[in-house]
Amino acid sequence: METDSKKTGFFEREERIKKPADFKKLFKNGKKASIPGAKIFYLENGLGMNRIGFPLNRGYGNAVQRNLSKRYSREIYRHFKSHLNTGYDILLLIYPGNDSFSTRCDQFRLLCQKAGLLKDEEINL
C-alpha cells in the first residue's frame with residue numbers, strides 16, 4: 001500500500017543534503033539567522049523542493065547524544081516542511097545544551113520566522 005508522502009510528512013532521501021561541497025557552499029554563501037542555542041543557514045537552490053542537513057558542531061556530546069539530536073531535528077523538519085516555502089537548501093546547526101523535542105521545535109519555528117521561510121506565521125504543533 002502506497003501513501004502520499006506529502007500527507008504523512010515523510011522525509012525523503014532527495015530532501016537531504018549529503019555532499020560536503022553543498023555544506024561548505026551553504027556555510028560560505030548562505031544567509032544566516034540565529035537564536036541562542038541554534039543557527040540556520042539557507043540559500044535558494046533552484047529546485048522545486050527544500051533540502052536540509054543537520055550538522056553538529058565539534059564536541060557535541062557522545063554518539064548517543066548526537067544521534068538523538070539529529071533524530072529530533074529530522075522529526076521537527078518532517079512536521080514543519082508543509083509550512084515552509086520551497087526551493088531552499090537549509091542547514092540547522094544546533095549547539096549543545098538544553099536539548100529536548102519541545103525546545104528544538106520552538107527553536108526551529110523561531111529560526112524559520114526570522115529567515116522568512118514560513119508560508120504562514122501561525123503554526124501550532
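A few points on the structure. (Residues numbered from 1 in each chain as written. Predicted model: local features only at pLDDT ≥ 70, side-chain atom pairs only at ≥ 80, totals over all residues. Heavy atoms only, no water.)

Remarks on a positive patch on the surface
Here is step 1: Residues Arg66, Lys70, Arg71 and Arg74 make up a contiguous surface patch of positive charge.
Here is step 2: Position of Arg74 relative to the elements: it lies in helix 3 (residues 63-80).
Here is step 3: Given a relative accessible area of 32%, Arg74 falls into the partly exposed group. (Patch = residues over 30% accessible without salt bridge, like charges linked within 9 Å, V, L, I, M, F, W, Y side chains within 5 Å. Areas by Shrake-Rupley, 256 points an atom, 1.4 Å probe, with all protein chains shown as cover. Salt bridge = Lys/Arg side-chain N within 4 Å of Asp/Glu carboxyl O. Lys, Arg positive; Asp, Glu negative; His and termini not counted. Charge placed at Lys NZ, Arg CZ, Asp CG, Glu CD. Helix = DSSP H or I, 4+ residues; strand = E, 2+ residues; numbered from the N terminus. Buried < 20%, exposed > 50% of the residue type's maximum accessible area, 1.4 Å probe, protein only.)

Remarks on the packing of helix 3 against helix 4 (residues 101-115)
In a packed pair of helices, the relevant descriptors are the angle between the two axes and the axis-to-axis distance.
Here is step 1: Remark: helix 3 packs on helix 4, axes separated minimally by 10 Å, with the N-to-C direction vectors making an angle of 50 degrees. By the criterion of interaxial angle, the relationship of helix 3 to helix 4 is oblique. Crossing hand, helix 3 versus helix 4: right-handed. Residues Ser69, Tyr72, Ser73, Glu75, Ile76, Tyr77 and Phe80 of helix 3 touch helix 4, and the partners they reach there are Phe101, Arg104, Cys105, Phe108 and Arg109.
Here is step 2: Classifying every residue of the contact of helix 3 with helix 4 gives seven nonpolar, two polar and three charged. (Axes fitted to C-alpha atoms, helices over the stretch in contact; angles between N-to-C directions. Parallel < 35°, antiparallel > 145°, perpendicular 65-115°, else oblique. Left-handed = near helix turned anticlockwise from the far one by under 90°. Contact = heavy atoms within 4.5 Å. Nonpolar A, V, L, I, M, F, W, Y, C, P; charged D, E, K, R; others polar.)

Some words on the sheet that holds strand 1 (residues 31-35)
Here is step 1: Pairing within the open sheet is mixed, and its four strands lie in the order 1-2-4-3. Two strands lie at the open edges of the sheet, namely strand 1 and strand 3 (51-53), each paired on one side alone. Adjacent strand axes in the sheet meet at a mean angle of 15 degrees, parallel and antiparallel pairs treated alike. (Pairing = 2+ DSSP bridges.)

Section: the pattern of salt bridges
Here is step 1: If you walk through the whole model with that rule in mind, you get five salt bridges.
Here is step 2: Taking the shortest distance from any N to any O, the salt bridge between Glu75 and Arg78 comes out at 2.7 Å. Highlighted residues: Glu75 and Arg78, both in helix 3, separated by three residues, approximately one helical turn.
Here is step 3: The class of Glu75 is partly exposed, set by a relative accessible area of 29%.
Here is step 4: Overall, Arg78 belongs to the partly exposed group, its relative accessible area being 24%.
Here is step 5: With a shortest N-O distance of 3.8 Å, Arg109 and Asp106 are connected by a salt bridge. On the criterion of helical spacing, the pair formed by Arg109 and Asp106 is a turn pair, its members being three residues apart in helix 4.
Here is step 6: Given the relative accessible area of 23%, Arg109 is considered partly exposed.
Here is step 7: By sharing partners, the salt bridges in this structure join Asp22, Arg51 and Asp89 into a single network.

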